[in-house]
Amino acid sequence: MDKKKKIILIAIVVLIIAATAGGSFYYYSAEDYQVKKRLAGDEQLLTVYDRIKAQEKKNKQAGEITIERVVIIGNSWKGLGDQTQDKFFYQKALAAYQEGIRLFGDKNVLIYWNAGKIAEYLEDYNLAESYYRRSIAISPGYEDPYRNLADLYRFKMHKEQKDIIAVYEEGL
């Protein structure tokens, strides 16, 4: 073999090794792999995860994301978070609701209310408060955000009694 052929052969081998290493790095660091590793051993939760991911993919491919689809995806991630008590899934739920807020603004009180509940689970109480306040502004007749806000003030933010009572009075 002449020198030129050896160099080409070595270059090909180096490229193959680099591509294999790069693909392995991507595979092992990808979110999907990490999540499946977390859920390993629980086929039911893995099935739920795969369904949520498939629904997200379907929504993106459809090109038309509706409020209903946002709520379904957010609630699905929340449900997985409830089953596993893994904050990662609550973060995914919050991201879904925040995407809904970005896309639809003030068109649906449930997106803000659900975002508030998830922010509270994630212990971001200021964010939860802002989402509860926004859901109250959108639909003042909807009682749940008032109750959630009052509970947040009382049990998590430890606000003064006058602030808690003010929320209840506002809801009357």
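Structure: see above.
Peer 1: I'd like a rundown of the packing of helix 4 (residues 67–84) against helix 5 (residues 87–104), residues and numbers included.
Peer 2: Look at helix 4 against helix 5: their axes get within 7 Å of each other, and the N-to-C directions meet at 165 degrees. Between helix 4 and helix 5, the angle falls in the class roughly antiparallel. For the crossing formed where helix 4 meets helix 5, the hand is left-handed. For the pair helix 4 and helix 5, the contacting residues are Ile 67, Val 70, Val 71, Ile 73, Gly 74, Asn 75, Trp 77, Lys 78, Leu 80, Gly 81, Asp 82 and Thr 84 in the first and Phe 89, Tyr 90, Lys 92, Ala 93, Ala 96, Tyr 97, Gly 100 and Phe 104 in the second. The class makeup of the residues in the contact of helix 4 with helix 5 is 12 nonpolar, five polar and three charged.

Peer 1: Tell me what's going on with the packing of aromatic side chains, and back it up with residues and numbers.
Peer 2: What characterises a pair of aromatic rings is the spacing of the ring centres plus the angle enclosed by the ring planes. One pass over the full model with this rule turns up six aromatic pairs. Aromatic rings pair up to connect Tyr 49, Trp 77, Phe 88 and Phe 89 into one cluster. One cation-aromatic arrangement involves Arg 38 over Phe 88; the distance from NZ or CZ to the ring centre is 4.7 Å. Geometry around Tyr 153 places Lys 159 over its ring, the cationic atom sitting 4.4 Å from the centre.

Peer 1: Can you tell me about the nonpolar core, naming the residues and giving the values?
Peer 2: By size, the foremost hydrophobic cluster in this structure holds 39 residues, and its most contacted members are Trp 77, Phe 89 and Ile 111. Mapped onto this core, the elements with two or more residues apiece are helix 3 (43–62), helix 4, helix 5, helix 6 (109–121), helix 7 (125–138), helix 8 (144–156) and helix 9 (161–171). Sorting elements by how many residues they give to this core places helix 5 first, with nine residues. In this view, Ile 111 contacts Ile 67, Val 70, Val 71, Tyr 97, Gly 100, Ile 101 and Phe 104; residues no more than four positions away in its chain are not counted.

Peer 1: Tell me what's going on with the pattern of salt bridges, and back it up with residues and numbers.
Peer 2: For the structure shown, the criterion picks out 16 salt bridges. Of the charged contacts in the structure, one is a salt bridge between Lys 159 and Glu 129, with a shortest N-O distance of 3.6 Å. Here Lys 159, found in the loop between helix 8 and helix 9, pairs with Glu 129, found in helix 7; they are 30 residues apart in sequence, far enough to count as distant. A relative accessible area of 31% places Lys 159 in the partly exposed class. Glu 129 sits in the buried class, given a relative accessible area of 16%. Where salt bridges share partners, they join Glu 31, Lys 53, Glu 56 and Lys 92 into one cluster.

Peer 1: Break down the layout of surface pockets for me, citing the residues and quoting the values.
Peer 2: A volume near 280 Å³ is recorded for the largest pocket. In terms of lining, the largest pocket is formed by Glu 56, Asn 59, Lys 60, Ile 65, Arg 69, Val 70, Ile 73, Trp 77, Lys 92, Ala 95, Ala 96 and Glu 99. Secondary-structure elements contributing two or more residues to the lining of the largest pocket are helix 3, helix 4 and helix 5. Counted by class, the lining of the largest pocket contains six nonpolar, one polar and five charged residues.

Peer 1: Give me the lowdown on helix 4, citing residues and values where you can.
Peer 2: Since there are 3.6 residues in each turn of an α-helix, residues three or four apart along the chain are aligned in direction. When the terminal C-alpha atoms of helix 4 are compared, their 26 Å separation across 18 residues agrees well with the 26 Å that a helix rising 1.5 Å per residue should span. The set of residues buried in helix 4 consists of Ile 67, Val 70, Val 71, Ile 73, Gly 74, Trp 77, Lys 78, Leu 80 and Gly 81. The inward-facing, buried residues of helix 4 abut helix 3, helix 5 and helix 6. Gln 85 lies just past helix 4 and shows a positive phi near 60 degrees.

Peer 1: Account for the environment of His 158, with residues named and values stated.
Peer 2: Mapped onto the fold, His 158 is located in the loop between helix 8 and helix 9. Note on His 158: relative accessible area 60%, which makes it exposed. Those residues within four positions of His 158 in sequence are excluded, and the remaining contacts are Leu 152 and Tyr 153. Here the side chain of His 158 touches Phe 155 through a polar contact of 3.5 Å, landing on its backbone oxygen.

Definitions and limits used
Throughout, a residue's number is its position along its own chain's written sequence, starting from 1. Local features in this predicted model are restricted to residues of pLDDT 70 or higher, and side-chain atom pairs are both shown and tallied only at a pLDDT of 80 or more, whereas totals for entire chains, interfaces and linings draw on every residue. Heavy atoms from the whole structure form the basis of all side-chain values; hydrogens and water molecules are not counted. Under this scheme, a helix contributes an axis fitted over its contacting stretch, all axes are lines through C-alpha atoms, and angles between N-to-C directions fall in the 0 to 180 degree range. Per the convention used, a helix needs a DSSP run of H or I reaching at least four residues, while a strand needs a run of E reaching at least two, with both numbered from the N terminus. Reported orientations rely on four angle classes, namely roughly parallel under 35 degrees, roughly antiparallel over 145, roughly perpendicular from 65 to 115, and oblique for the rest. Handedness of a helix crossing follows the sense of rotation of the near helix relative to the far helix, less than a right angle counterclockwise being left-handed and clockwise being right-handed. Should any heavy atoms of two residues lie within 4.5 Å, those residues are counted as being in contact. Residues were grouped as follows: Ala, Val, Leu, Ile, Met, Phe, Trp, Tyr, Cys and Pro as nonpolar; Asp, Glu, Lys and Arg as charged; and all remaining residues, including Gly, as polar. Ring pairs are drawn from Phe, Tyr and Trp, using the six-membered ring of Trp, whenever the two centres fall within 6.5 Å, and their geometry is named by plane angle: stacked under 30 degrees, edge-to-face over 60, tilted for the rest. Both a distance and an angle decide whether a charge sits over a ring: NZ of Lys or CZ of Arg must be within 6 Å of the ring centre and within 35 degrees of the ring normal. By nonpolar core is meant a set of buried Ala, Val, Leu, Ile, Met, Phe, Trp, Tyr and Cys residues that side-chain atoms within 4.5 Å join together. Between buried and exposed lies partly exposed: a residue is buried under 20% and exposed over 50% of the maximum accessible area for its type, with that area taken using a 1.4 Å probe on protein chains only. Here, a salt bridge means any side-chain nitrogen of Lys or Arg that lies within 4 Å of a carboxyl oxygen of Asp or Glu. In this analysis the probe radius is 1.4 Å and the grid spacing 1 Å, with only protein atoms considered; a cavity is a set of points the probe fits into but cannot get out of, a pocket is an open set with protein on both sides within 12 Å along at least five of seven lines, and lining residues have an atom within 4 Å of a point. Grid points are joined across faces, edges and corners, and a volume is the space filled by probe spheres set on the points. Expected helix span is given by 1.5 Å per residue-to-residue step, counting one fewer step than there are residues. Any pair of N or O atoms that falls within 3.5 Å is considered a polar contact. Within protein, one atom must be able to donate a hydrogen and the other to accept it, and sequence-neighbouring residues count only if both atoms are side-chain atoms.

Function cannot be inferred from these measures alone, as they are strictly geometric.
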